[in-house]
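Each chain, letter by letter, is given below.
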Number of protein chains: 2
Amino acid sequence: MTEISLSQYSFVYNALSFGIAAMGAATVFFFLGRSQVSKDYRLAVTVTGLVTLIATYHYFRIFQSWEAAYSIMGSKVTPTGQPFNDAYRYVDWLLTVPLLLVELILVMKLPPKETYTKSVRLGLLAAVMVALGYPGEVAGSLGARWIWWVLAMIPFVLIVYELFFGLRDSIQSQPQAARGMVSAARWITVLSWCFYPLVYLFPMVGLSGGAALTGVQVGYTLADLIAKAAFGVFIYFIALRKSEVELSANRMVDKEFVAAE
Amino acid sequence: MTEISLSQYSFVYNALSFGIAAMGAATVFFFLGRSQVSKDYRLAVTVTGLVTLIATYHYFRIFQSWEAAYSIMGSKVTPTGQPFNDAYRYVDWLLTVPLLLVELILVMKLPPKETYTKSVRLGLLAAVMVALGYPGEVAGSLGARWIWWVLAMIPFVLIVYELFFGLRDSIQSQPQAARGMVSAARWITVLSWCFYPLVYLFPMVGLSGGAALTGVQVGYTLADLIAKAAFGVFIYFIALRKSEVELSANRMVDKEFVAAE
């Protein structure tokens, strides 16, 4: 296990604990908020809460694994010989990254068939992307890390293409009050996801030892918080706004109906 | 780790346990009380409960870290060599302090745009304030502690200014039955928050060793209980009062409508 300083150890330790607290609080927020949106959007908000729930579990595991990998005495940090299990992140992403794309599609309320085909296509691409990233993360050589990085970038680029061009018409069909927010949610996805391949590059651009390990762990945590919790809050408010707009539109129709009678 | 007496150790230990119990109970109170307020105020009460939920988690972590930092044999307290992780408090504040200001804004039910801009402005100022406090808390020298204290006071003063002058018109627009309570909530925020920079000063005004450590830990715990749990109870009763006032106002309108027909 890599040698690190006490301040590096503590930075990762506190970032991971922050991850548990923020993902856990976000989960409670989504599950409580579920009843505030109309039935059409409950599935989107449920999936949003599942993503942060899965992340809470994994951050708890990563935290425990980090704690077990080092022993602290005063200001001295010694590797215990227990491995730090990096695979938790990939297991998490394999579940949550496809679900994040499903959230975005569900909150758009497209026709059922389109919802299904787009969810399957984007979900599969996301799973392939995560699966291709892992061998590089555990590879011993930088050469192998580069190869897997390039391979994982192929589905990544396809997802970005699909979000911008495949969903363009669907976004135009959103009610005016929510169109800007849906478009922004798409941007948050693309921008926050760009963090991951960048963090992945840290060891390849000269960062090594404790600094690389700290940068990768804190970087992934920050990216996860934006891509899952902050993005989820956005999805929630889109669902809430669309529920309100549709509810008041229905009321107008009801009133006109009564007046016409 | 600082040498402390058994009574100092126990005082902090019991204060932290009190923190877990009080924050946990407050969380249950807010989540159960959520259904008693009208839809417009549920988000405010939800955020109130999230703040104490996040604090419960952190008090549990701080308690565990305190327990691990010392070993007790009879009346002798010996540092174990495990560091006491003070950063938990800052990680907590980074999440909860912006949310506390959001609670206050949400319960005022301002127009959506104003709610958004005020939440973002106050939330960001609060996060900057907490982030500027941390380097001083872990600094070795009193000089550095003073510098970060002064820097963190800048956003603090801006928040107080915003609460008193920026929100003045908004408070005047509150229904008469709740105006006094909203104004009081603002006062609780300002007064309870003044505790923090004062506690921060303890080591700088001659308190040192076990007395300073005990004062800082018990002081922060007390300040947290007032700023989060007691303040939250206030927010809850404002939400309840406003729900009742608005409900009876709506009933009056309905009756007049029926009478006019």
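Preceding this paragraph is the structure being described.
Here we summarise the structure given alongside this text.

Across its full length, chain A holds eight helices and two strands. With the C-alpha coordinates aligned to their principal axes, the bounding extent of chain A is approximately 80 × 40 × 25 Å. In chain A, which comprises 261 residues, the share counted as buried stands at 49%. The contacts in chain A between residues at least 6 apart in sequence include a share of 79% that link residues at least 24 apart. As presented, chain A carries roughly 11,900 Å² of accessible surface, and 69% of it is formed by carbon and sulfur atoms. Mean positive and mean negative side-chain charge positions of chain A (19 and 16 charges, respectively) differ by 2 Å.

In this structure, Trp66, Ile159, Leu163 and Trp193 of chain A together with Trp66, Ile159 and Trp193 of chain B are the most contacted members of the largest nonpolar core, which totals 154 residues. In this structure tryptophan 193 of chain A touches Val97, Leu100, Leu101, Met129, Phe156, Ile159, Ile188 and Ala227 of chain A, once residues within four positions along its chain are discounted.

Residue and element names in this part refer to chain A. Where helix α4 (residues 112–138) contacts helix α5 (residues 142–166), the axes come no closer than 7 Å and their chain directions differ by 160°. By the criterion of interaxial angle, the relationship of α4 to α5 is roughly antiparallel. In this structure, α4 crosses over α5, and the sense of that crossing is left-handed. In this structure, α4 uses Lys118, Arg121, Leu122, Leu125, Ala126, Val128, Met129, Leu132, Gly133, Pro135, Gly136 and Glu137 to contact α5, whose residues at the interface are Ala144, Arg145, Trp148, Leu151, Ala152, Pro155, Phe156, Leu158, Ile159, Glu162, Leu163 and Gly166.

Attention shifts here to the interface of chain A and chain B. Residue-level contacts link 20 residues of chain A with 22 residues of chain B. Of the roughly 1,800 Å² buried between chain A and chain B on both sides combined, carbon and sulfur atoms contribute 66%. When the area that chain A buries against chain B is broken down by residue, the three leading residues are Phe18, Leu32 and Gln36 of chain A, summing to 29%. Counting every contact that joins chain A to chain B gives zero salt bridges. For the side of chain A that touches chain B, the elements supplying multiple residues, two or more each, are α1 (6–33), α2 (39–69) and β1 (70–73) of chain A. Of the residues forming the side of chain A that touches chain B, the biggest block, 12 residues, is contributed by α1 of chain A. Partitioning the side of chain A that touches chain B into residue classes produces 14 nonpolar, six polar and no charged.

All names here are of chain B. A complete count under the given rule lists 18 salt bridges over all chains for this structure. Among the salt bridges present, the one from lysine 118 reaches glutamate 114, with a minimum N-O distance of 4.0 Å. Pair noted here: lysine 118 and glutamate 114 are both in helix α4 (residues 112–138), with a separation of four residues, about one helical turn. With a relative accessible area of 26%, glutamate 114 lands in the partly exposed category.

Another point: the relation of the copies chain A and chain B. Relative to chain B, chain A is turned by 69° and slid 0.1 Å along the rotation axis, the superposed coordinates differing by an RMSD of 0.1 Å. Those values place the two copies in the arrangement expected of a five-fold rotation axis.

With that out of the way, let us pick up the side chain of serine 65 of chain B. Residue and element names in this part refer to chain B. Looking at the element boundaries, serine 65 is found in helix α2 (residues 39–69). At 2.9 Å, the side chain of serine 65 and the backbone nitrogen of asparagine 85 are in polar contact. When residues no more than four places from it in sequence are discounted, the contact partners of serine 65 are Pro83, Phe84, Asn85 and Tyr88.

Taken as a whole and assessed by the stated rule, the structure comprises 35 aromatic pairs over all chains. Ring geometry for tryptophan 93 of chain A versus tyrosine 196 of chain A: centroids 5.2 Å apart, planes at 85°, classification edge-to-face. Here tryptophan 93 of chain A, found in helix α3 (residues 87–108), pairs with tyrosine 196 of chain A, found in helix α7 (residues 176–201); they are 103 residues apart in sequence, far enough to count as distant. Residue tyrosine 196 of chain A is classed as buried on the basis of its relative accessible area of 15%. Here the aromatic rings of phenylalanine 29 of chain B and tyrosine 236 of chain B are separated by 5.0 Å at their centres, their planes lie at 75°, and the arrangement is edge-to-face. Here phenylalanine 29 of chain B is found in helix α1 (residues 6–33), whereas its partner tyrosine 236 of chain B is found in helix α8 (residues 209–260), with 207 residues between them in sequence. Every member of this aromatic cluster is reached through a ring pair, and the members are Tyr9, Tyr13, Phe63, Trp66, Tyr70 and Phe84 of chain A together with Tyr88 of chain B.

We now examine the pairing of β1 of chain A. Residues Tyr70 and Ile72 of chain A line the buried face of β1 of chain A, whereas the alternating positions Ser71 and Met73 of chain A sit on a face that is not buried. Connecting β1 of chain A to the next strand, strand β2 (residues 76–79) of chain A, in antiparallel fashion are two residues, including glycine 74 of chain A with a positive phi near 60°.

Turning to its location among the elements, alanine 144 of chain B is positioned in helix α5 (residues 142–166). When residues no more than four places from it in sequence are discounted, the contact partners of alanine 144 of chain B are Gly136 and Ala139 of chain B.

Time to look at α5 of chain A. Residue and element names in this part refer to chain A. In this model, α5 (25 residues) spans 35 Å end to end at C-alpha, consistent with the 36 Å of a helix rising 1.5 Å per residue. Turning to α5, its buried residues are Arg145, Trp149, Ala152, Pro155, Phe156, Ile159, Glu162, Leu163 and Phe164. Buried residues along α5 sit in contact with α3, α4, α6 (168–172) and α7.

In this section: helix α3 (residues 87–108) of chain B. Residues and elements named next belong to chain B. Between its terminal C-alpha atoms α3 stretches 32 Å, which fits the 32 Å expected from 22 residues at 1.5 Å a residue. Burial analysis of α3 places 20 of its 22 residues in the buried class, which makes it a mostly covered element. Lysine 109 sits one or two residues past α3 and shows a positive phi near 50°.

A few words on the side chain of histidine 58 of chain A. Residue and element names in this part refer to chain A. With respect to the secondary-structure elements, histidine 58 resides in helix α2. When its relative accessible area of 5% is taken as the criterion, histidine 58 is described as buried. Ignoring sequence-local partners within four residues, the contact set of histidine 58 consists of Tyr88, Val91 and Asp92.

Reading the values: the criteria
Residues numbered from 1 in each chain as written. Chains lettered and ligands numbered in written order. Predicted model: local features only at pLDDT ≥ 70, side-chain atom pairs only at ≥ 80, totals over all residues. Heavy atoms only, no water. Helix = DSSP H or I, 4+ residues; strand = E, 2+ residues; numbered from the N terminus. Buried < 20%, exposed > 50% of the residue type's maximum accessible area, 1.4 Å probe, protein only. Contact = heavy atoms within 4.5 Å. Areas by Shrake-Rupley, 256 points an atom, 1.4 Å probe, with all protein chains shown as cover. Lys, Arg positive; Asp, Glu negative; His and termini not counted. Charge placed at Lys NZ, Arg CZ, Asp CG, Glu CD. Core = buried A, V, L, I, M, F, W, Y, C linked by side-chain atoms within 4.5 Å. Axes fitted to C-alpha atoms, helices over the stretch in contact; angles between N-to-C directions. Parallel < 35°, antiparallel > 145°, perpendicular 65-115°, else oblique. Left-handed = near helix turned anticlockwise from the far one by under 90°. Buried area = accessible area lost by both parts, 1.4 Å probe. Salt bridge = Lys/Arg side-chain N within 4 Å of Asp/Glu carboxyl O. Nonpolar A, V, L, I, M, F, W, Y, C, P; charged D, E, K, R; others polar. Least-squares fit on C-alpha atoms with pLDDT ≥ 70 in both. Polar contact = N/O pair within 3.5 Å; in protein donor to acceptor, adjacent residues only side chain to side chain. Phe/Tyr/Trp six-rings, centres within 6.5 Å; stacked < 30°, edge-to-face > 60°. Pairing = 2+ DSSP bridges. Expected span 1.5 Å × (residues − 1).

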